[in-house]
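Residue strings, one per chain:
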Amino acid sequence: MFRTESWKRVRRFAALALAAALCMGGMSWAAVGNGVFEGFVHHIAQQITRDKVEFAVAESCTSWFYEQLKKPSPMRPDVQQLSFVTEEDRSHACAGRYPGINEARQAFAHSQSTLSLSLTFYQLALVADRDDDERYDANELRDILTSLNVVLLQEDLPVQLLGKLKGKFDDVRETVEFTILTDSMQALYSKGYRFTQADQAAMGRVTGES
């Protein structure tokens, strides 16, 4: 009980301190939003990097398994040719990673979906920066959180806001739930947000196309 009450007092004090700093000009919402924006896009960009690796591996292994199926089996009448696999095949990295071509194809399809979702979420994060100043102001933070159906509390600190955005991204990616993402994008577009040339350039940097 004591610990709970103490923690509540700490949270109230921190929230009051943040509000006082904002009022006195010691900290601006732009500065707060800058940290949230940078942390959020960095978190998504890191996942995109991992997703690209998973996608490349699954794609390569799927191709490798197909190549094995195309190999002609040696004509040996004294041996039943049911599933001829050479020692070289068994030692291949793909053979150790996936039991067979079906698993490789499933991994390829899944990695393709998760990479696409991560890239689209990165686009959402950029669109939510309405004026392309690489920070979220109070309105932008409220709009992106609301569009994702994330509860915004008055006492939330920047680290908590960032944690909520990162957590929402992780949850949506885990379930590969595109509907939540597309609904969020539509909600922002209905408020006048747009995918700008600056956003396109930022997307190019993360995808390696610029």
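Please read these numbers as outputs of a predicted model, since none were measured by experiment. (Residues numbered from 1 in each chain as written. Predicted model: local features only at pLDDT ≥ 70, side-chain atom pairs only at ≥ 80, totals over all residues. Heavy atoms only, no water.)

Focus: the confidence of the model for the chain
Link 1 in the chain: Summarising the model, the chain shows a mean pLDDT of 82, and 74% of its residues fall at 70 or more.
Link 2 in the chain: In the model, residues 13-31 has pLDDT below 50 throughout and makes 20 contacts with residues more than four positions away in sequence or in other chains.
Link 3 in the chain: In the predicted structure, residues 77-85 sits below a pLDDT of 50 and forms six contacts with residues beyond four places in sequence or in another chain. (pLDDT = per-residue confidence, 0-100. Contact = heavy atoms within 4.5 Å.)

Quick look at the packing of helix H6 (residues 138-147) against helix H8 (residues 178-190)
Link 1 in the chain: The N-to-C vectors of H6 and H8 enclose an angle of 140 degrees; their axes lie 8 Å apart at closest approach. The pairing of H6 with H8 is recorded here as oblique in orientation. Note that H6 runs across H8; the crossing there is right-handed. Residues Asp143, Ile144 and Ser147 of H6 touch H8, and the partners they reach there are Ser184, Ala187 and Leu188.
Link 2 in the chain: Looking at side-chain class alone, the contact of H6 with H8 contains three nonpolar, two polar and one charged residues. (Axes fitted to C-alpha atoms, helices over the stretch in contact; angles between N-to-C directions. Helix = DSSP H or I, 4+ residues; strand = E, 2+ residues; numbered from the N terminus. Parallel < 35°, antiparallel > 145°, perpendicular 65-115°, else oblique. Left-handed = near helix turned anticlockwise from the far one by under 90°. Nonpolar A, V, L, I, M, F, W, Y, C, P; charged D, E, K, R; others polar.)

Remarks on the environment of Ile44
Link 1 in the chain: In this structure, Ile44 sits in helix H2 (residues 29-70).
Link 2 in the chain: On the basis of relative accessible area, Ile44 is assigned to the buried category, the value being 0%.
Link 3 in the chain: Not counting chain neighbours up to four residues away, the residues in contact with Ile44 comprise Ser118, Phe121, Tyr122, Ala125 and Phe169. (Buried < 20%, exposed > 50% of the residue type's maximum accessible area, 1.4 Å probe, protein only.)

A look at the packing of aromatic side chains
Link 1 in the chain: On inspection of all chains with the given rule, the structure shows five aromatic pairs.
Link 2 in the chain: The interplanar angle of 90 degrees and the centroid separation of 5.1 Å between the aromatic rings of Phe37 and Tyr136 together place this pair among those described as edge-to-face. Taken together, the residues Phe37 in helix H2 and Tyr136 in the loop between helix H5 (101-127) and H6 connect sequence positions 99 residues apart. Across the pair, exposure class does not vary: Phe37 and Tyr136 are buried alike.
Link 3 in the chain: Taking 6.2 Å as the distance between ring centres and 90 degrees as the angle between the ring planes, the aromatic pair formed by Phe40 and Phe121 counts as edge-to-face. Taken together, the residues Phe40 in helix H2 and Phe121 in helix H5 connect sequence positions 81 residues apart.
Link 4 in the chain: Residue classification places Phe40 among the buried residues on the basis of a relative accessible area of 0%.
Link 5 in the chain: Residue class for Phe121 comes out buried when judged on its relative accessible area of 0%.
Link 6 in the chain: Cluster of aromatic residues (ring-pair linked, three or more members): Phe40, Phe121 and Phe169.
Link 7 in the chain: The ring of Tyr193 carries Arg130 above its face, with NZ or CZ at 4.7 Å from the centroid. (Phe/Tyr/Trp six-rings, centres within 6.5 Å; stacked < 30°, edge-to-face > 60°. Lys NZ or Arg CZ within 6 Å of the ring centre and 35° of its normal.)

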